[in-house]
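Letter by letter, the chains look like this.
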Amino acid sequence: MNEAVERHDLKILGTSSSVGGVFKDVKVTGECTFSGDVDCHKLAQTGEVAVEGNLRVQDIKITGECKVKGRVDAASLRGQGELTAGGGLRIEDIKLTGGIIVTGDCEAEQVQITGVLEVSGLLNAERLDLTLFGPCRADTVGGGSISIKRSRSGALLRPGKKMSFAARLIEGDRIELQHTQAQTVRGGSVVIGPGCEIETVEYRELLEVHKSSTVRNAVKM
């Protein structure tokens, strides 16, 4: 955060645009496009926000859609909607109903998402709770506690829609998976729930596999 610059609030109502800059609190009700970087304490939006540069903020609260062409750095994310980051994402605490799409790596401490998550690189979180509401993916998942489950209501609301998670590698201390396809799952305690297809599971303490799932190789480390 750039604290050498005096910060002022910015309020947008309706459809507007801004060059970006350093702000205190930014509130958007409607649509706004920022043509450069945005550095603020708080971003609260209802509607659509587009940032052509990077977004650096303490707290984000979204209702709607936020598209950032560059990198997103924040302390917390709350709300309902979709956040897109084209240059990687680092948010300490995420609690969102909707979707996050990241080109690059996604780093967090706590992640709780009901919806869709797509990460082209590494998804790293100390605690990951993902409730699937559509097709989700990441190249690699790393963390302490990892829980990936299917939304029961989603299966009723979106019949025929594929709700699954795909990754090359999932590695953590405690792992619980449902409806997941992965080449390798590696952890201390691993519970493979229904609807999974795993090539190799490497575990240290515990392995449980649901009868509807496939694990081709199980290796105790």
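Data block above holds the structure.
Throughout what follows, the structure given in this document is the object of discussion. (Residues numbered from 1 in each chain as written. Predicted model: local features only at pLDDT ≥ 70, side-chain atom pairs only at ≥ 80, totals over all residues. Heavy atoms only, no water.)

Summing up its helical and strand segments, the chain has one helix and 13 strands in all. Its helices and strands in sequence order give the chain the pattern β-β-β-β-β-β-β-β-β-α-β-β-β-β, from N to C terminus. The C-alpha atoms of the chain give 19 Å as radius of gyration, which agrees with the globular expectation for 221 residues (17 Å, within 12%). On the principal axes, the C-alpha backbone points of the chain span a range of 60 × 40 × 20 Å. Split into buried and exposed, the 221 residues of the chain put 43% on the buried side. Pairs at least 24 residues apart make up 14% of the contacts formed inside the chain by residues separated by at least 6 positions. Total accessible area computed for the chain in this model is approximately 10,600 Å², and 46% of it derives from carbon and sulfur atoms. In the chain, 28 positive and 30 negative side-chain charges are present, and the distance between their average locations comes to 6 Å. (Helix = DSSP H or I, 4+ residues; strand = E, 2+ residues; numbered from the N terminus. Rg over C-alpha atoms; globule rule 2.2 N^0.38 Å. Buried < 20%, exposed > 50% of the residue type's maximum accessible area, 1.4 Å probe, protein only. Contact = heavy atoms within 4.5 Å. Areas by Shrake-Rupley, 256 points an atom, 1.4 Å probe, with all protein chains shown as cover. Lys, Arg positive; Asp, Glu negative; His and termini not counted. Charge placed at Lys NZ, Arg CZ, Asp CG, Glu CD.)

This brings us to unusual backbone geometry. Although it is not a glycine, H179 adopts a positive phi angle of roughly 50 degrees. Tracing the backbone shows H179 in the loop between strand 10 (165–177) and strand 11 (180–192).

The next point concerns the nonpolar core. Among the nonpolar cores identified, the biggest contains 59 residues, and L89, I94, I100, F165 and I170 are the most heavily contacted of them. Among all residues touching I100, those that are not within four sequence positions of it are L77, L83, L89, I94, I113, V116, L117 and E118. (Core = buried A, V, L, I, M, F, W, Y, C linked by side-chain atoms within 4.5 Å.)

Let us now look at the pattern of salt bridges. This model, assessed by the stated rule, comprises 16 salt bridges. Three or more residues are tied together by salt bridges with common partners; here these are R90, E92 and E109. (Salt bridge = Lys/Arg side-chain N within 4 Å of Asp/Glu carboxyl O.)

What follows is about the side chain of Q45. When you line up the elements, Q45 lands in strand 4 (residues 38–51). Separated by 3.1 Å, the side chain of Q45 and the backbone oxygen of E65 make a polar contact. (Polar contact = N/O pair within 3.5 Å; in protein donor to acceptor, adjacent residues only side chain to side chain.)

Take the environment of E176 next. Within the element layout of this structure, E176 appears in strand 10. Judged by its relative accessible area of 34%, E176 is partly exposed. For the pair E176 and I148, spaced 28 residues apart in sequence, the C-alpha separation works out to 6.4 Å. Excluding its chain neighbours within four sequence positions, the residues that come into contact with E176 are I146, S147, I148, K149 and V191.

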